[in-house]
Amino acid sequence: EPVVFNKPKIELHVHLDGAIRVQTILDVAERRGITLPGKTVEEMTSVIIVKEPATLTKFLGKFAEYMHVIAGDREAIKRIAYEFVEDKAKEGVIYVEVRYSPHFLANTKVDPIPWQQEEGDLSPDEVVRLVNEGLRQGERAFNIKARSILCCMRHMPSWSMDIIELCKTYRHQGVVAIDLAGDESLNCEAFPGHRMAYEEAVRCGIHRTVHAGEVGPPSVVKEAVEVLKAERVGHGYRTLQDQALYKQLLAQNMHFEICPISSKLTGACDPDFTKHPVITFRNDQANYSLNTDDPLIFNSTLNLDYNTAHKYMGFTEEEFKRLNIKSAESCFLPEEEKRELLQKLYKAYGMTRSTVF
Ligand SMILES: O=c1[nH]cnc2c1ncn2[C@H]1C[C@H](O)[C@@H](CO)O1
């Protein structure tokens with residue numbers, strides 16, 4: 001696979017638990033005495049990955065193939081965070097915001113205990129500390145910047161207040177925002193638990209993004225923006241089905257976190273990339289990023305997403321630069337750090353600060 005955009009990049013939408021190395025899953029399973037359906041990287045890869053367009057519900061079921069291996073294990077959680085930063089650095093990412101559900105990696109103080117684990121002594125709070133630590137060590141070792149976003153899950157509104165409390169506790173240790181992930185096709189109106197957590201986020205100045213309009217209708221996007229006060233929309237493809245809403249969000253400079261490979265394999269978008277919604281976003285010079293979402297499950301890399309945009313949608317170097325600058329402008333870093341990040345991009349892209357998009 002050729003590298004189409006070999007310059008510093010920003011990634012804003014990627015799930016930590018969807019970006020684990022297969023080798024790490026095998027290593028941890030062996031250490032913990034857990035039997036897996038595959039013994040080699042090749043075998044396990046074929047068990048985990050989605051090759052053909054499926055549904056979001058079917059795709060989300062893939063996490064159950066390996067989450068029980070990593071969850072509840074302190075060393076494994078720290079390791080996946082550290083390795084994640086290494087993998088991103090190798091892809092030319094200089095700033096990444098990585099998201100996950102602390103509850104999904106815990107085995108105590110979480111109800112129900114996920115992945116059929118026995119109760120243990122690893123709480124969501126300690127999971128966040130372990131991820132923070134792994135990311136920080138990765139930042140030092142690989143010289144890039146990594147921040148995290150904590151996910152509420154659509155089907156678990158009772159977890160959402162924990163999430164906002166964790167965001168508040170760890171806002172100076174690398175946690176920059178709250179997200180709402182999970183299956184939008186099963187329940188598409190946000191429960192009171194989610195709404196209360198987002199209200200608290202607004203009150204405390206915690207940044208907000210929401211998965212919306214990936215497979216759900218434009219009304220979910222509208223709710224994300226108007227009720228949950230999302231500053232960015234995860235995916236948001238279906239926004240285009242409501243032209244008034246789309247025009248409004250364009251005028252508001254709303255950021256859309258676009259994941260091309262993901263959108264094909266979750267069945268969110270037409271598998272024909274020449275019909276992809278991001279073409280419209282680009283033609284309208286909208287504010288959006290390109291992201292991998294879950295590279296483990298899609299067996300993909302950020303370069304593959306960029307290549308796809310180049311090969312099937314005619315994306316140019318110029319547009320890649322523009323969208324990365326928009327991504328930096330829309331990231332959840334404090335203003336001073338954001339300015340620094342933007343300076344780095346301008347320099348790497350051979351642009352003067354006055355170039356305005
Ligand atoms: O593309 C997605 N849409 C909705 N939810 C998702 C997607 N990718 C991953 N998730 C879920 C499954 C993960 O366990 C959770 C937290 O990272 O977020």
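Residues numbered from 1 in each chain as written. Predicted model: local features only at pLDDT ≥ 70, side-chain atom pairs only at ≥ 80, totals over all residues. Heavy atoms only, no water.

As recorded in an unreviewed UniProt entry, the chain goes by Adenosine deaminase and comes from Echeneis naucrates. Recorded in UniProt under Sequence similarities (unreviewed entry), the annotation for the chain is "Belongs to the metallo-dependent hydrolases superfamily. Adenosine and AMP deaminases family." (UniProt positions renumbered as here; feature names shortened; annotations may be inferred.)

Student: Can you tell me about helix 5 (residues 74–90), naming the residues and giving the values?
Tutor: Helix length check: helix 5 (17 residues) gives 25 Å between terminal C-alpha atoms against 24 Å at 1.5 Å per residue, within 8%. In this structure, the buried residues of helix 5 make contact with strand 1 (9–15), helix 1 (22–32), helix 4 (67–70), strand 2 (93–100), helix 6 (124–142) and strand 3 (145–153). With its phi angle positive at about 85°, Gly92 sits one or two positions after the end of helix 5. (Helix = DSSP H or I, 4+ residues; strand = E, 2+ residues; numbered from the N terminus. Expected span 1.5 Å × (residues − 1). Contact = heavy atoms within 4.5 Å.)

Student: Any chance you could break down the pairing of strand 1 for me, citing the residues and the numbers?
Tutor: Of all seven residues that make up strand 1, seven are buried, and the element is covered over most of its length. Relative to strand 2, strand 1 is paired through five bridges, and the arrangement is parallel. Residue pairing for strand 2: Glu11 is matched across the bridge by Val96. (Buried < 20%, exposed > 50% of the residue type's maximum accessible area, 1.4 Å probe, protein only. Pairing = 2+ DSSP bridges.)

Student: Any chance you could break down the packing of helix 15 (residues 317–329) against helix 16 (residues 335–348) for me, citing the residues and the numbers?
Tutor: Contact pair helix 15 / helix 16: the axes reach a minimum separation of 9 Å and the direction vectors enclose 170°. On the basis of their axis angle, the class for helix 15 and helix 16 is roughly antiparallel. Here Asn324, Ile325, Ala328 and Glu329 of helix 15 come into contact with helix 16, specifically with Lys338, Leu341, Leu342, Leu345 and Tyr346. (Axes fitted to C-alpha atoms, helices over the stretch in contact; angles between N-to-C directions. Parallel < 35°, antiparallel > 145°, perpendicular 65-115°, else oblique.)

Student: Any details on the environment of Arg21? Residues and values, ideally.
Tutor: Counting through the fold element by element, Arg21 comes out in the loop between strand 1 and helix 1. In this structure, Arg21 is in contact with Glu83, Glu86 and Asp87, ignoring residues within four places of it in sequence. Of note is the side chain of Arg21, whose polar atom sits 2.9 Å from the side chain of Glu86. (Polar contact = N/O pair within 3.5 Å; in protein donor to acceptor, adjacent residues only side chain to side chain.)

Student: Just give me the short version of the sheet that holds strand 5 (residues 207–212), but keep the residues and values in it.
Tutor: Read across the open sheet, the eight strands follow the order 1-2-3-4-5-6-7-8; overall the sheet is parallel. Looking at strand neighbours, the two that pair on one side only are strand 1 and strand 8 (287–290), the edges of this open sheet. Averaged over all adjacent pairs, the angle separating strand axes in this sheet is 25°, with direction ignored. Packing against the sheet, helix 15 makes contact with strand 1, strand 7 (255–258) and strand 8, and its axis sits at approximately 105° to strand 8.

Student: Hey, could you go over the environment of Phe320 for me, with residue numbers and the actual values?
Tutor: Relative to the helices and strands, Phe320 resides in helix 15. The class of Phe320 is buried, set by a relative accessible area of 1%. Residues contacting Phe320, with those up to four places away along its chain left out, are Val4, Phe5, Leu290, Tyr306, Ala309, His310 and Phe315.

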